[in-house]
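As a plain string of letters, each chain reads:
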Amino acid sequence: MNILVCIKQVPDTKIIKINPKTNTLDRSSAPAILNPYDAHAVQEAVRLKEVHGGKVTVLSMGPPQAKVAIKKCVEIGADEGYLISDRRFAGADTLATSYALYKAIQKLMDEQGIDLVLCGKHAIDGDTGQVGPGIARRMEIPPLTNVIKVEEVDLKEKRMKVRRKIEDGYELIQSELPCLLTVEKEINDVAYSPLPNMIKAARYNPIVWTVDDLDDVDIKQLGLKGSPTIVGKMWPPEKSAGAEMIDGDVKKQAKALVEHMLEKRELFEVKGGEKV
Amino acid sequence: MNMEEYRGVWVFIEQRNGELVDVGLELLGAGRDLADKLEVDLCGILLGHNVKDRAKDLFEYGADKVYVIDDPILELYRTETYMKAVGDLVRKYKPEIFLYGATANGKDLASAVATEVMTGLTADTTLLDVNLDKRLFEASRPAFGGNIMATILCKKHRPQMATVRPKVMKKADPQPGREGELIEESISVQEENLKTKVIDIVRDTNKAVNLEEADIIVAAGKGIKDEKGWKMVEELADVLNATVGASRDVVEMGICGHEHQVGQTGATVTPKLYIAIGISGAVQHVVGMQNSELIIAINTDPDAAIFNASHYGVVADAFEIVPLLTEEFRKVLQSGAEEGGVAHV
Ligand SMILES: Cc1cc2nc3c(=O)[nH]c(=O)nc-3n(C[C@H](O)[C@H](O)[C@H](O)COP(=O)(O)OP(=O)(O)OC[C@H]3O[C@@H](n4cnc5c(N)ncnc54)[C@H](O)[C@@H]3O)c2cc1C
Ligand SMILES: Nc1ncnc2c1ncn2[C@@H]1O[C@H](COP(=O)(O)O)[C@@H](O)[C@H]1O
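Anyway, here's the lowdown on the structure attached to this text. Because the structure is a prediction, the values reported are computed rather than measured. (Residues numbered from 1 in each chain as written. Chains lettered and ligands numbered in written order. Predicted model: local features only at pLDDT ≥ 70, side-chain atom pairs only at ≥ 80, totals over all residues. Heavy atoms only, no water.)

### Considering the site of ligand 1
Let me state the cut-off plainly: Summary of the distance rule: residues count as near a molecule or strand when at least one heavy atom falls within 4 Å of that molecule or strand. For the purposes of these results, a polar contact is taken to be a pair of N or O atoms within 3.5 Å, where, inside protein, one atom must be able to donate a hydrogen and its partner to accept one; residues adjacent in sequence count only when each atom of the pair is a side-chain atom. Computed by Shrake-Rupley with a 1.4 Å probe, the accessible areas treat only the displayed protein chains as cover when residues are assessed. We count a stretch as a helix when DSSP gives it H or I for four or more residues in a row; a strand needs E for two or more, and each element gets its number in order from the N terminus.
Around ligand 1, the surrounding shell holds 27 residues, and the nearest of these are Lys222, Ser247, Thr265, Ser280 and Asn299 of chain B. Near ligand 1, residues from chains A and B are present, making the site a shared one. Between ligand 1 and Gly278 of chain B, the relevant distance is 3.0 Å, taken from an oxygen atom to a main-chain nitrogen or oxygen of the residue. For ligand 1, a nitrogen atom lies 3.4 Å from a polar atom in the backbone of Thr300 of chain B. Protein burial of ligand 1: of its 990 Å² of free accessible surface, 79% is covered by the chains. Taken together, the elements giving at least two residues each to the shell around ligand 1 come down to helix H6 (248-252), helix H7 (283-286) and helix H8 (318-334) of chain B.

If you want it as structure tokens, here you go:
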């Protein structure tokens, strides 16, 4: 079973700072990490490979530094990693990103065959979750989003069953292979990397492709040019003025809080009319 | 692309088991404003099986037109059928703006349709407007873990699409008897040509921890210490009919499951009321709840950061004040009339 995992290097959004003068992100303030959801996707691919054999390949689009994220995937257990990196890819929104990744996937598909594509649920910098379904649409394979469990893989019949998380539970869905899954964190725990993987990763050098290495690329669909969306303005979210503090003894505080909660009276089924 | 041909504001109406999901009605509320500004029709897109009757609800909530495809093959959501059906409608009727609820299926569908019709899509928006001079849709959203707000524009492609978080927009008051135009369309897909099949849906109705759609959340942090503290919080939640949330530390202590977690690596929530009990207010927690309408914090530490993100705060020991709140509220609910409560059932 050959599995391809799309992975992205992202700034660690929990420590990123905003430049207050320009209202833009100060990327240098945040270390770049492997998108956490993608780590789970790689882990799941490695787990499936252990059961069904085959190969795990990771693919990323990004600047040359993104090699570090690919090496991290090799630590988790990926066999091979490709980075597509080229100025002409830069500035891509989700539509242009899915196009570029799709072009690389097509080439890998021709070279080695792919039974399954995995993506993270979303990337923590863009938070969109749009790239996975976009790739699936381009490949004309089903996207199964928000997957929390792979129930069954039947390579003979070329199909698999997964659990998809939905708002009020989950659904069990069956799909033909190849298909594309986007995974939630619940799907697995990312294991500590075994030493041999660490050694392999340290020495590993991902394969880098430019636009020219891909076949039949429509340059107009790449990067900034190929992106229908653009960022208009950015501004810092309003900070609330801080809480109005309620003093007094705890009974008084409780009473006051209840009153404030009743500002949202419509939320509560306060019985009126009929006296109790 | 001739952009002049694209007119009208569309809302995808999600249904589960034939019941309309709230976010669709909320988006009709928001879409109504956009449509009025642009002086165009507001249209609902309703797909499913035996759902046609629900169109009249959509008119009452503000839709001028409803496009319906009622077909057994659409009974359960599948990307491949819904994407095809919606893609065909877009190509035929050409809307300029198209909104979807940012639910699991809404996001899945919007992403697939954006690629299908090759247009821009902005995810998880919380603020919608139009620039009338340029006739451009302005879709804004928190970006980078909530550190910044960004307005996303789609200048040269139509429709301009966005997913919108549930509970952010407001439903209009329904106008009973309000009518509109029902347009029925069909889908030509054969089951045997499809690649996916929904085998089962397991609805966790009893103890569904549906934080994203909750109106009231009572959230526990490490300050509640242990299972006993958690129980105390659950009791308050019970009386309020609230969903219980938690900080990551509480999840990591094994007191509750990850499905309760609010924050950057948990759920992003926008309830009308959020009560934070024994939560310090780390940024990773705050980005997940800061857009709640009314936030109340209880903490023993007067300098806790959570107070900066709250509307009301008390410096108090949770173990003293929470049981009092539970008791006090129980009384209020039972004697609303005496308190001057407005009837609401
Ligand atoms: C990558 C990453 C992702 C993260 N994602 C999340 C996330 O999604 N969600 C999340 O919540 N956190 C997340 N965190 C963790 C976050 O940084 C904080 O560690 C966490 O939110 C703290 O939880 P807490 O407020 O419950 O605990 P603490 O910070 O320990 O706070 C406990 C609070 O309880 C108060 N207290 C103590 N006793 C009482 C009492 N008797 N009555 C009242 N108050 C009392 C204390 O004064 C204190 O303020 C993440 C961290 C990282 C690194
Ligand atoms: N530049 C990229 N390179 C490789 N994979 C990506 C890239 N951007 C997004 N992805 C994949 O698509 C998923 C969703 O990303 P997003 O739609 O940006 O939230 C990620 O978890 C990755 O699996």
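### Points about the interface of chain A and chain B
Test applied: Note on contacts: a residue pair is in contact if any heavy atoms of the two residues lie within 4.5 Å. Throughout, buried area stands for the accessible area (probe radius 1.4 Å) lost by two parts on being put together, summed over both. Criterion for a salt bridge: a side-chain nitrogen of Lys or Arg within 4 Å of a carboxyl oxygen of Asp or Glu.
Contacts between the two partners involve 82 residues from chain A, matched on the other side by 93 residues from chain B. Buried area between chain A and chain B, both sides added, is near 7,800 Å², and the carbon and sulfur share of it is 62%. The tally of links between chain A and chain B comes to five salt bridges. We note a salt bridge from Asp168 of chain A to Arg203 of chain B, for which the minimum N-O separation is 3.0 Å. Every element with two or more residues in the side of chain A that touches chain B is listed here: helix H4 (131-139), strand S9 (143-154), strand S10 (159-166), strand S11 (169-176), strand S14 (229-235), strand S15 (244-245) and helix H6 (250-261) of chain A. Counting residues per element, the side of chain A that touches chain B draws most heavily on H6 of chain A, which supplies nine residues.

### Observations regarding the pattern of salt bridges
Residue and element names in this part refer to chain A. Rules: The buried label applies to any residue whose accessible area, calculated with a 1.4 Å probe on protein chains only, is under 20% of its type's maximum; exposed applies above 50%, and partly exposed to all values in between.
Considering all chains together, one arrives at 45 salt bridges over all chains under this definition. Salt-bridge contacts for Lys72 lead to Glu75; the nearest nitrogen and oxygen are separated by 3.3 Å. A residue pair is termed a helical-turn pair when its members lie 3 or 4 positions apart in one helix, as Lys72 and Glu75 do in helix H2 (residues 67-76) at three residues. Between Arg88 and Asp86 there is a salt bridge whose closest N-O contact spans 3.1 Å. A relative accessible area of 18% places Asp86 in the buried class.

### Examining the sheet that holds strand S8 (residues 127-131) of chain B
The test is simple: Pairing between strands is defined by DSSP: at least two bridges between the two strands are required. Note on method: axes are straight lines fitted to C-alpha atoms, helices fitted across the in-contact stretch only, with angles between N-to-C directions ranging 0 to 180 degrees.
In spatial order, the strands read S14(A)-S10(B)-S9(B)-S8(B); together these four strands make up an open sheet with antiparallel pairing. The outermost strands of the open sheet, each flanked by one partner alone, are S14 of chain A together with S8 of chain B. On average, adjacent strands in this sheet sit at an angle of 30° to one another, irrespective of strand direction. With five bridges connecting them, S8 of chain B and strand S9 (residues 136-143) of chain B associate as antiparallel partners. If you follow Leu127 of chain B over to S9 of chain B, its bridge partner there is Ser140 of chain B. Against the sheet, helix H1 (residues 22-38) of chain B engages S8 and S9 of chain B, with an angle of about 5° to S8 of chain B.

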